[in-house]
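# Overview (structure and organization)
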Amino acid sequence: MNPLDKKSEGWSALFSEPMSELVQRYTASVGFDKRMWRADIDGSLAHARMLAAQKVISGEDLAAIEKGLAQVAQEIESGQFQWKLELEDVHLNVEARLTQLVGDAGKRLHTGRSRNDQVATDIRLWLRGEIDTIATLLAALQKSLLELADKHADTVMPGFTHLQVAQPVTFGHHLLAYVEMFQRDAERMADVRKRVNRLPLGAAALAGTSYPLDREMVAKALGMDGICRNSLDAVSDRDFAIEFTAAASLAMVHISRLSEELVLWMSQNFGFIRIADRFTTGSSIMPQKKNPDVAELARGKTGRVAGHLMGLLMLMKGQPLAYNKDNQEDKEPLFDAADTLRDTLRIFTEMMGGITVNAQAMEQAALKGYATATDLADYLVKKGLPFRDAHDTVAQAVKAAVSHNVDLSELPLTVLQQFHPAIGKDVYDALSLRGSLDARNVAGGTAPAQVRAEIARHRQRLS
Ligand code: ARG
């Protein structure tokens, strides 16, 4: 008889009454931690192989464990596995079934191990897989943005500060700003991965174990970069999960900023872009409506992921060493942060590919806000004026243009010359949107030549 099968009647001989149904439900985690089943089995296999190599268990026991775990995996994959709430979590469920299948060998698997180092290992293995998927998705999103940027390396739009028209930029340049953000997100994820990919197994409950374990062997088998060097720390800290959620929150914040812009650009007042219909929804009452729901939801879900970050920080802050059951609460926020980021990256990669641009609307908007005023000041500086004087002179010219309700480039030369005699015919090159863009041919600037060079650099990096 498998002792774990009797768990509902109590943990061991020490317990004189069973758990109430409510306490069982309250303390169980199998409902959500069963998704770590593959990591759990991988960890158990590596542990069992090491136990056999160290002669802690026999070769026959190992063979039985391998066979049994293969069957457990098959049952879970095919949906036949019967998850039991009374067995609390994924670890006890898998172990109980294994023992049912192979008998005593299954009971030997837990030698030199505790659920404390087991669960810490499982989360790390699971999270490592998520990080790798997210890295691929961040690259795909960047590629999708690069494709759109490439089409619009020359498309002029107003650049904003304070949401007021500031200077002309290209739409391609604007998109490249997001490529930079998502690249940093990828770098952050890669950095978090280094600290996630360490092995807790061998820490046992908290103090290490008296069995002659070869922890390095297990780490290597699991593709980990090394072992956790302190058993108390190994089983108790979840800083790696917090770091991941922080990196995920930042990535979501970047998505959220982009979302806000998409919402603005798609509004009738801007009219800069169209989002493909399959990413928008209608209204049940207003037949004319097409709403950017995906972008809005992503903006909303950003709050949810940042909330998980706060939740995990608070989960950790009052815990004494070493393991406490509080840590069971790390999983749902962590899972949800990863799920939300993954789905959001996927959907944005597709959505950005389905954006069409109204270049005329963008150009008209850039012409509206005296976006080339700085260019007139720079023009005067080239003619010898100190920049502050040039700034004052241009302010007067803008005031005149405003009162006539025209752009600076529409003021006749004679009028412009009233503000400064050094102004010549060539001023109109400086005042054009194209002239303004081309002038910003500094590294990282918006000149189409720079934008093209950056696109090429990013593509090379991502290839
Ligand atoms: N389900 C538990 C968790 O998620 C596994 C570890 C339980 N350890 C213990 N000593 N009760 O943290």
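Read on for a plain summary of the structure. (Residues numbered from 1 in each chain as written. Predicted model: local features only at pLDDT ≥ 70, side-chain atom pairs only at ≥ 80, totals over all residues. Heavy atoms only, no water.)

### Overview of the site of the ligand
Surveying the vicinity of the ligand reveals the residues Ser29, Asp33, Asp89, His91, Arg115, Asn116, Val119, Tyr323, Gln328 and Lys331. Within the side chain of Asn116, an N or O atom sits 2.9 Å from a nitrogen atom of the ligand. Contact distances for the ligand include 2.8 Å between a nitrogen atom and a side-chain N or O atom of Gln328. In isolation the ligand has 340 Å² of accessible area, and contact with the protein removes 85% of it. Broken down by element, the shell around the ligand gets its largest block of residues, three residues, from helix H7 (residues 115-151). (Near = heavy atom within 4 Å. Polar contact = N/O pair within 3.5 Å; in protein donor to acceptor, adjacent residues only side chain to side chain. Areas by Shrake-Rupley, 256 points an atom, 1.4 Å probe, with all protein chains shown as cover. Helix = DSSP H or I, 4+ residues; strand = E, 2+ residues; numbered from the N terminus.)

### Let's talk about a nonpolar patch on the surface
Nonpolar side chains collect at one region of the surface, where Trp11, Leu14, Phe15, Met19 and Val23 lie side by side and expose about 500 Å² of accessible area between them. Tracing the backbone shows Met19 in the segment before helix H1 (21-27). Taking the relative accessible area as the measure of exposure, Met19 reaches 31% and is therefore partly exposed. (Patch = residues over 30% accessible without salt bridge, like charges linked within 9 Å, V, L, I, M, F, W, Y side chains within 5 Å. Salt bridge = Lys/Arg side-chain N within 4 Å of Asp/Glu carboxyl O. Buried < 20%, exposed > 50% of the residue type's maximum accessible area, 1.4 Å probe, protein only.)

### Some points on the packing of helix H11 (residues 239-266) against helix H13 (residues 331-353)
One way to put it is that H11 packs onto H13 with a least axis distance of 10 Å and a crossing angle of 35°. Crossing angle aside, the handedness with which H11 passes H13 is left-handed. Contacts between H11 and H13 involve Ala241, Phe244, Thr245, Ala248, Ala251, Met252, Ile255, Leu258, Ser259 and Leu262 from the former and Leu334, Ala337, Ala338, Thr340, Leu341, Thr344, Leu345, Phe348, Met351 and Met352 from the latter. Taken together, the residues of the contact of H11 with H13 break down into 16 nonpolar, four polar and no charged. (Axes fitted to C-alpha atoms, helices over the stretch in contact; angles between N-to-C directions. Left-handed = near helix turned anticlockwise from the far one by under 90°. Contact = heavy atoms within 4.5 Å. Nonpolar A, V, L, I, M, F, W, Y, C, P; charged D, E, K, R; others polar.)

### What to know about the nonpolar core
Grouped together as the largest cluster of nonpolar side chains are 97 residues, with contacts concentrated most on Ile41, Met189, Phe244, Leu262, Ile273, Phe348 and Met352. Residues in contact with Met189, not counting those within four places in the same chain, are Ile131, Ile134, Leu138, Phe244, Ala247, Ala248 and Leu341. (Core = buried A, V, L, I, M, F, W, Y, C linked by side-chain atoms within 4.5 Å.)

### Details of unusual backbone geometry
Note that the residue after Leu321, namely Ala322, is joined by a cis bond; omega there is 0°. Relative to the elements of secondary structure, Ala322 occurs in the loop between helix H12 (293-317) and H13. A positive phi angle is found at Glu88, which is not glycine, with a value near 65°. Within the element layout of this structure, Glu88 appears in the loop between helix H4 (59-78) and helix H5 (90-102). With relative accessibility at 5%, the residue Glu88 sits in the buried group. Even without being glycine, Tyr370 reaches a positive phi, approximately 55°.

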